[in-house]
Amino acid sequence: MSLFLIISFILIGLFLIWLEFFIVPGITIAGIGGIILILGGIFFAYSQKGNTVGHLVLVSSLVLLFVMFVISFRGKTWKKTALQTNIDGVVEGINTSKVHVGDTGHTISRLAPMGKIMVNDEIIEAKSKLGFIDQSVEVKILEIYSSNVLVERIKKETLD
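Residues numbered from 1 in each chain as written. Predicted model: local features only at pLDDT ≥ 70, side-chain atom pairs only at ≥ 80, totals over all residues. Heavy atoms only, no water.

(A) Focus on the confidence of the model for the protein. Averaged over the protein, the pLDDT score is 86; the fraction of residues at 70 or greater is 92%. Across the protein, the element-wise mean pLDDT spans from 67 in helix 4 (residues 77-81) up to 93 in strand 2 (residues 114-119). (pLDDT = per-residue confidence, 0-100. Helix = DSSP H or I, 4+ residues; strand = E, 2+ residues; numbered from the N terminus.)

What follows is the structure, encoded as structure tokens:
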């Protein structure tokens, strides 16, 4: 196998890995093919040309891979494709002046195990202590956390 073919394997493999990281992210044929071509080129360099050429091909492949990533990450391309806005939303906490441990209310949605309940005219996120709780079932607050409450079913009849 000629040195030109070995270098071609390495360069095509590097291009496929670049393509995998920057154009088609995920584990696809491009990434797997790139790794196979680079490893194949290194293997053929060692088996066909000896240890000296094999070492040179291995080191140069690693250096080229590193340089390729450094150049790609420093480019302005990321500023065009990356999300530039900041998320400034916050999760509203539970109004502890209206909702207390022991209060009762009813489920607005099914708790599976999370869902919405209405207690003291407040709609809050709730988590079922045991199993699923259907919609329109009366529940009791057991614990209050920062953004949700822990509830249990009071009775099995629905409010409908």
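Still more ground to cover, so stick around.
(B) A look at the environment of Thr 104. Along the chain, Thr 104 turns up in strand 1 (residues 104-107). You can call Thr 104 partly exposed: its relative accessible area is 39%. Linking Thr 104 and Tyr 145, residues 41 residues apart in sequence, is a C-alpha distance of 16 Å. Dropping the residues within four chain positions of it, Thr 104 is found in contact with Val 119, Glu 138, Val 139, Lys 140 and Ile 154. (Buried < 20%, exposed > 50% of the residue type's maximum accessible area, 1.4 Å probe, protein only. Contact = heavy atoms within 4.5 Å.)

(C) Region of interest: the side chain of Thr 107. When you line up the elements, Thr 107 lands in strand 1. The exposure class of Thr 107 is buried, given its relative accessible area of 0%. A polar contact of 2.7 Å, which involves the side chain of Thr 107, links it to the backbone oxygen of Asp 134. (Polar contact = N/O pair within 3.5 Å; in protein donor to acceptor, adjacent residues only side chain to side chain.)

(D) A look at helix 1 (residues 3-22). Taking 1.5 Å per residue as the helical rise, helix 1 with its 20 residues ought to reach 28 Å, and the 29 Å between its terminal C-alpha atoms agrees with that figure. Residues of helix 1 that are buried: Ile 6, Ser 8, Ile 10, Gly 13, Leu 14, Leu 16, Ile 17, Glu 20 and Phe 22. (Expected span 1.5 Å × (residues − 1).)

(E) Looking closely at the side chain of Glu 20. You can see Glu 20 is positioned in helix 1. You can call Glu 20 buried: its relative accessible area is 7%. Apart from the residues lying within four places of it in its own chain, the contact partners of Glu 20 are Pro 25, Gly 26, Ile 27, Thr 28, Ala 30 and Gly 31.

(F) The packing of helix 2 (residues 29-49) against helix 3 (residues 51-74), seen in detail. For the pair helix 2 and helix 3, interaxial distance at closest approach is 7 Å and the crossing angle is 165°. Our classification of the angle between helix 2 and helix 3 gives roughly antiparallel. The element helix 2 and its partner helix 3 pack so that their crossing is right-handed. On the side of helix 2, the interface is formed by Gly 41, Ile 42, Ala 45, Tyr 46 and Lys 49, while helix 3 contributes Asn 51, Val 53, Gly 54, His 55, Val 57, Leu 58 and Ser 61. Of the residues that constitute the contact of helix 2 with helix 3, the class distribution is six nonpolar, five polar and one charged. (Axes fitted to C-alpha atoms, helices over the stretch in contact; angles between N-to-C directions. Parallel < 35°, antiparallel > 145°, perpendicular 65-115°, else oblique. Left-handed = near helix turned anticlockwise from the far one by under 90°. Nonpolar A, V, L, I, M, F, W, Y, C, P; charged D, E, K, R; others polar.)

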